[in-house]
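If you want the building blocks of each chain, they are given just below.
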Amino acid sequence: QEVRDLAGRYPYVVFYGCGAILHSIVESWTEHVGRKIDYCCDSDSRKWGQVFCGAPCLSPADLLAMKDKCAVFVTIGDFKPVYQLLKEKGFPSVNQLFKYDLVASEVLPRCNQGEVLENLCRTYDFLSDEKSQAVFGAIVNRVLGDGGDIDIMLDVCEGNQYFPADLVPLSEQERLVDIGAFNGDTVRDFAARTKGRFGQVYSFEVDAINFRAMEENVQLMPERDRVRLFNLGVWDSECDISYSIGKSQSTVGSGEGKGHVLPLDDALRGEQITMIKMDIEGAEPNGLRGARRLIQTQKPKLAICIYHDFRHLWEIPNYIKSLVPEYKIYLRHHTNLEYETVCYAIPRLNGTPRPCSSTPN
């Protein structure tokens, strides 16, 4: 409602930044805010005059000429320099816009507030280090706070997504399951980090376009014979699904794409695994339920995305702990926006947790 009110106070709504994340933010804006986007703006002169997501692209000079008449939302990954520049130029309304917080703002009022608080407190208490607690606190304050701290996620951001060296040591026998493999980017990163010395990779990608791109990319890898590709999704039951094509994120259950999903327990029955990475656009709870036998019996390292739904901040760590109570649970955040928060579950070795460095990567 605050966003709606803000947009309603000015004649024009402008999104600054016509790059990779624009379409994703517009999708959520259209669904949850509804106010028309009048213009977009970008520093790249090649984009001026073009139309992005139905909005004509202005030059920064054009935008400056109408600064008192517009609410500007910065829709660029490296947002801080643009944010500060617009403030210095005297724009009266410069704002960040977190797409998943728009979703949370509609979901949370339907939740029992007492249960939410209890779940947050319980989850915070079993996080395994101060860095995890700082990430947790930043997310809670971003979603439930006043939005005044523009550095709130930047302050807890670090690199090495899925493979932080202080949490996820990689051996020459590593057998990785990559769920939501996209175009094979994680597989290539994994191979580079292990210098090609690993046991096996199992890559699952339901989107046919992404899968073909992954096939082409993996064929260029020297390790391709140890990478098995599955044009399948991972779920808690076996069935056919529909999904959106050509959007910045998948939408399971609607769209023109058709795919097949099944439990990981069935897809990899009899296989030995040491790590599961999962980024499947909010379907992570379904994927985890479909992998519960593998998780309980083999206790692989887990790297599970929890940023698609605010409730996953407590639901996913608690479900993992219910499967294997001795897992150590960590959180790490890997961008300066709300994207790419990962829950890492690390098994104990010989009755003790894996050693963890207190220094950031």
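Caption draft 1: Up close: the sheet that holds strand S4 (residues 55-58). Read from one edge of the open sheet, six strands run S3-S4-S2-S1-S5-S6, paired in mixed fashion. With partners counted over all chains shown, the strands left at the sheet margins are strand S3 (51-52) and strand S6 (94-96), one partner each. Packing of helix H2 (residues 22-32) onto the sheet brings it into contact with strand S1 (12-16), S3 and strand S5 (70-74), and relative to S1 it is tilted by some 145°. Relative to S6, helix H4 (residues 79-88) is tilted by about 160°, and along the sheet it contacts S1, S5 and S6.

Caption draft 2: Here's a closer look at the sheet that holds strand S7 (residues 175-179). Here seven strands make up an open sheet; going across it, the order is S9-S8-S7-S13-S14-S16-S15 and the pairing mixed. Two strands in the sheet have a free side with no partner beyond their single neighbour: strand S9 (227-230) and strand S15 (328-333). Between one strand and the next, the sheet's axes are offset by a mean angle of 15°, whatever the strand orientation. Here S7 runs beside strand S8 (residues 200-204); their pairing, made up of five bridges, is parallel.

Caption draft 3: Region of interest: a negative patch on the surface. Taken together, the side chains of Glu2, Asp5, Asp146, Asp149 and Asp155 present a region of like negative charge at the surface. Here Glu2 is to be found in helix H1 (residues 2-8).

Caption draft 4: Geometry of the packing of aromatic side chains. Going through the model one piece at a time under the given rule, you end up with 12 aromatic pairs. Ring centres 5.1 Å apart and planes at 90° place the aromatic pair Phe15 and Trp29 in the edge-to-face group. Here Phe15 is found in strand S1, whereas its partner Trp29 is found in helix H2, with 14 residues between them in sequence. Taking the relative accessible area as the measure of exposure, Phe15 reaches 0% and is therefore buried.

Caption draft 5: Structural context of helix H6 (residues 113-126). Between its terminal C-alpha atoms H6 stretches 21 Å, which fits the 20 Å expected from 14 residues at 1.5 Å a residue. The complete set of buried residues in H6 reads Val116, Asn119, Leu120, Thr123 and Phe126. Along the axis of H6, the buried residues cluster in a sector spanning 140°; they form a single face. More than 90 degrees from the buried face of H6, the exposed residues found are Gln113, Leu117 and Asp125.

Caption draft 6: A look at the nonpolar core. Grouped together as the largest cluster of nonpolar side chains are 64 residues, with contacts concentrated most on Phe15, Trp29, Leu63, Val72, Phe73, Leu86 and Tyr344. In terms of residue count, the dominant contributor to this core is S5 (five residues). Not counting the four nearest positions on each side in its chain, Val72 is found in contact with Val14, Tyr16, Leu63, Leu86, Phe91, Ser93, Val94 and Asn95. Met153, Val177, Leu232 and Ala283 belong to the second largest nonpolar core, which has 54 residues in total.

Caption draft 7: Geometry of the confidence of the model for the protein chain. Per-residue pLDDT for the protein chain has a mean of 92; in total, 93% of the residues score no lower than 70. Every residue in residues 350-361 scores below 50 in pLDDT, and together they form 21 contacts with partners more than four places removed in sequence or on other chains.

Caption draft 8: Quick look at the side chain of Asp207. Relative to the assigned elements, Asp207 resides in the loop between S8 and helix H9 (208-219). An unpaired buried charge is present at Asp207: no salt bridge exists, and Arg212, the closest side chain of opposite charge, is 6.9 Å distant. In terms of polar contacts, Asp207 uses its side chain to reach the backbone amide nitrogen of Asn210, at 3.0 Å. Leaving out residues up to four positions away in the same chain, Asp207 has contacts with Asn231, Tyr243 and Ser244.

Caption draft 9: A look at the pattern of salt bridges. Taken as a whole and judged by the stated rule, the model has 22 salt bridges. Close ionic contact of Asp42 with Lys47 constitutes a salt bridge, the shortest N to O distance being 3.7 Å. Its salt-bridge partner being Lys80, residue Asp151 comes within 2.9 Å of it at the nearest N-O pair. Taken together, the residues span a long stretch of sequence, with Asp151 in the loop between helix H7 (130-144) and S7 and Lys80 in helix H4 at a distance of 71 residues. Given a relative accessible area of 18%, Asp151 falls into the buried group. We classify Lys80 as partly exposed; its relative accessible area is 24%. One salt-bridge network, in which partners are shared between bridges, spans Asp129, Lys131, Glu158, Asp166 and Arg332.

Parameters and conventions
- Residues numbered from 1 in each chain as written.
- Predicted model: local features only at pLDDT ≥ 70, side-chain atom pairs only at ≥ 80, totals over all residues.
- Heavy atoms only, no water.
- Pairing = 2+ DSSP bridges.
- Helix = DSSP H or I, 4+ residues; strand = E, 2+ residues; numbered from the N terminus.
- Contact = heavy atoms within 4.5 Å.
- Axes fitted to C-alpha atoms, helices over the stretch in contact; angles between N-to-C directions.
- Patch = residues over 30% accessible without salt bridge, like charges linked within 9 Å, V, L, I, M, F, W, Y side chains within 5 Å.
- Areas by Shrake-Rupley, 256 points an atom, 1.4 Å probe, with all protein chains shown as cover.
- Salt bridge = Lys/Arg side-chain N within 4 Å of Asp/Glu carboxyl O.
- Lys, Arg positive; Asp, Glu negative; His and termini not counted.
- Charge placed at Lys NZ, Arg CZ, Asp CG, Glu CD.
- Phe/Tyr/Trp six-rings, centres within 6.5 Å; stacked < 30°, edge-to-face > 60°.
- Buried < 20%, exposed > 50% of the residue type's maximum accessible area, 1.4 Å probe, protein only.
- Expected span 1.5 Å × (residues − 1).
- Arc of directions from axis to C-beta.
- Core = buried A, V, L, I, M, F, W, Y, C linked by side-chain atoms within 4.5 Å.
- pLDDT = per-residue confidence, 0-100.
- Polar contact = N/O pair within 3.5 Å; in protein donor to acceptor, adjacent residues only side chain to side chain.

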